[in-house]
Amino acid sequence: MPTTVSEKALRIKPSSTLSITAHANALKASGVNIISFTVGEPDFPTPTHINEFAIQAIHDGFTKYTAASGIPELKQAICKKLKDFNHISYSAEQIIVSNGAKHSLSNIFQAILNPGDEVIIPVPYWLTYPEIVQLSGGIPVFVEGKRENHYKVTAEQVRNVVTDKTKAIILNSPSNPTGMLYSEEELREIAQVAITCDFFIVADEMYEFLTYGHHKHVSIASLGPEVYEKTITCSGVSKSYAMTGWRIGYTASSKSLAALMDGLQSHQTSNPCSISQKAAYEAIVGDQQPMLHMVAEFEQRKNYMCTRLYQMPLIQFLEPEGAFYTFIDFSSVLQHSYKNQVLQSIDQVVSILLEEYHVAVIPCADFGSEQHIRLSFATSMENIIEGMNRLESFLLCIK
Ligand code: PLP
């Protein structure tokens, strides 16, 4: 019998984010001064009090297996945070702590999907969603969030794609890549569709603390008992506390779903790292000032980046309300000429920016948007200033 490999695994798309980053890193290694706007993680170090708490955990010998779904004090801390910040009541049995929010999402879809079940994914989306859904046997159903609606989907659009196979919708607010937030009213309307048509809401709230100006995050599960029943809330410490490498995410759901995810996780990975769990506990219950300081810093960088972008020709964007990304429409750049050559594709633009201007950006085709580029402002102000100068020089050369 020939040796074959998994068709499911073969269907996974390699991430364009990683390939751009690899190309940029190769140029950097050869001595080129690259300004990178590609990163999806805070450039700040993990706050010292969190590191010290974790080091103490090692000294205390907290280096063995824990309960697969997480240690009780971390679950209690998550419940308190969900109550105080998100205004949702959960008990510890409803919390599953996992190896990063990506793992939490993977648990969710493995727990709820049967082959052929459909999951509604608003476009643009974080590029991992369709892959995780498909790996769990589901079928992504894409719905376009239109620019005039700030790249968000409406309840009516959602209702129009519901079938008897619809199992869930993913809502990511604040959004990667658009930086937009759903308002309470928009969430209420979508929640009503989920309640009427009976499907789950997977609320990916990873960037919940990173909001700017008057924009405030609203958790859909907080909007009433019926939507609470339908929602699986997912978050983690990676982005808010600069803890991407520690790998701690969590879900809050009904007890029965939590029990299913606990069972899955107990066989697939067992507990997330014991030391990281201690660190996440300290992040959630300890001093919040370092996190608030990072948010304020992101906001300043976002303001500067937007001020510069507003002055540049041919591009369009909406000022981010949260997360740390600016999502820029480059469609007007196409069909113009650069050095007597007609620009035909966003990939071509991205290559010119990287090779000639030494600026690395993320093309958003894998996020469901062929005409957009994502710039992360999780990089120093100095880099943003220089990167904006280079981007502007490129745009001014387009005829
Ligand atoms: N959800 C969104 C929208 C993200 O952008 C990311 C990371 O980029 C995650 C979830 C995953 O976070 P983690 O690093 O905790 O797995």
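Residues numbered from 1 in each chain as written. Predicted model: local features only at pLDDT ≥ 70, side-chain atom pairs only at ≥ 80, totals over all residues. Heavy atoms only, no water.

Student: So what exactly am I meant to see when it comes to the pattern of salt bridges here?
Tutor: Pairing is possible between side chains that carry opposite charge, provided their charged atoms lie close to one another. One pass over the structure, following the stated rule, counts 15 salt bridges. Across the pair arginine 301 and aspartate 43 runs a salt bridge, and its minimum N-O distance is 3.0 Å. Of this pair, arginine 301 sits in helix α12 (residues 289–310) while aspartate 43 sits in the loop between β1 (35–36) and α3 (48–59), and the two are 258 residues apart along the sequence. The class for arginine 301 is buried, based on a relative accessible area of 3%. Overall, aspartate 43 belongs to the partly exposed group, its relative accessible area being 37%. Residues lysine 152 and glutamate 186 are paired through a salt bridge, measuring 3.0 Å at the closest nitrogen-oxygen approach. Of this pair, lysine 152 sits in the loop between β4 (139–144) and α7 (155–161) while glutamate 186 sits in helix α8 (residues 184–197), placing them 34 residues apart in sequence. (Salt bridge = Lys/Arg side-chain N within 4 Å of Asp/Glu carboxyl O. Helix = DSSP H or I, 4+ residues; strand = E, 2+ residues; numbered from the N terminus. Buried < 20%, exposed > 50% of the residue type's maximum accessible area, 1.4 Å probe, protein only.)

Student: Would you explain the packing of helix α2 (residues 16–29) against helix α13 (residues 346–357) in this entry?
Tutor: Helices that pack against each other are described as a pair by the angle of their axes relative to one another and the distance between those axes. At a minimum axis separation of 11 Å, α2 and α13 run at an interaxial angle of 20°. Judged on the interaxial angle alone, α13 and α2 are roughly parallel. For the pair α2 and α13, the crossing hand works out as right-handed. Between α2, through Ile20, His23, Ala24 and Leu27, and α13, the contact on the second element is made entirely by Val350, Leu354 and Glu355. Classifying every residue of the contact of α2 with α13 by side-chain character gives 5 nonpolar, 1 polar and 1 charged. (Axes fitted to C-alpha atoms, helices over the stretch in contact; angles between N-to-C directions. Parallel < 35°, antiparallel > 145°, perpendicular 65-115°, else oblique. Left-handed = near helix turned anticlockwise from the far one by under 90°. Contact = heavy atoms within 4.5 Å. Nonpolar A, V, L, I, M, F, W, Y, C, P; charged D, E, K, R; others polar.)

Student: Can you walk me through the site of the ligand in this structure?
Tutor: Neighbouring the ligand are 13 residues, the closest being Ala101, Asp204, Ser238, Lys239 and Arg247. For the ligand, a nitrogen atom lies 2.6 Å from a polar atom in the side chain of aspartate 204. A distance of 2.8 Å is found between an oxygen atom of the ligand and a side-chain nitrogen or oxygen belonging to tyrosine 207. Contact with the protein chains covers 92% of the free accessible surface of the ligand, which is 400 Å². (Near = heavy atom within 4 Å. Polar contact = N/O pair within 3.5 Å; in protein donor to acceptor, adjacent residues only side chain to side chain. Areas by Shrake-Rupley, 256 points an atom, 1.4 Å probe, with all protein chains shown as cover.)

Student: Where do I start with the packing of α13 against helix α14 (residues 381–396) in this structure?
Tutor: Taken N-terminus to C-terminus, the directions of α13 and α14 make an angle of 120°; their axes are 11 Å apart at the nearest point. Compared by their axis directions, α13 and α14 come out oblique. Crossing hand, α13 versus α14: right-handed. Across from Val349, Ile352, Leu353 and Tyr357 in α13, the residues of α14 making contact are Arg390, Leu391, Ser393 and Phe394. Of the residues that constitute the contact of α13 with α14, the class distribution is 6 nonpolar, 1 polar and 1 charged.

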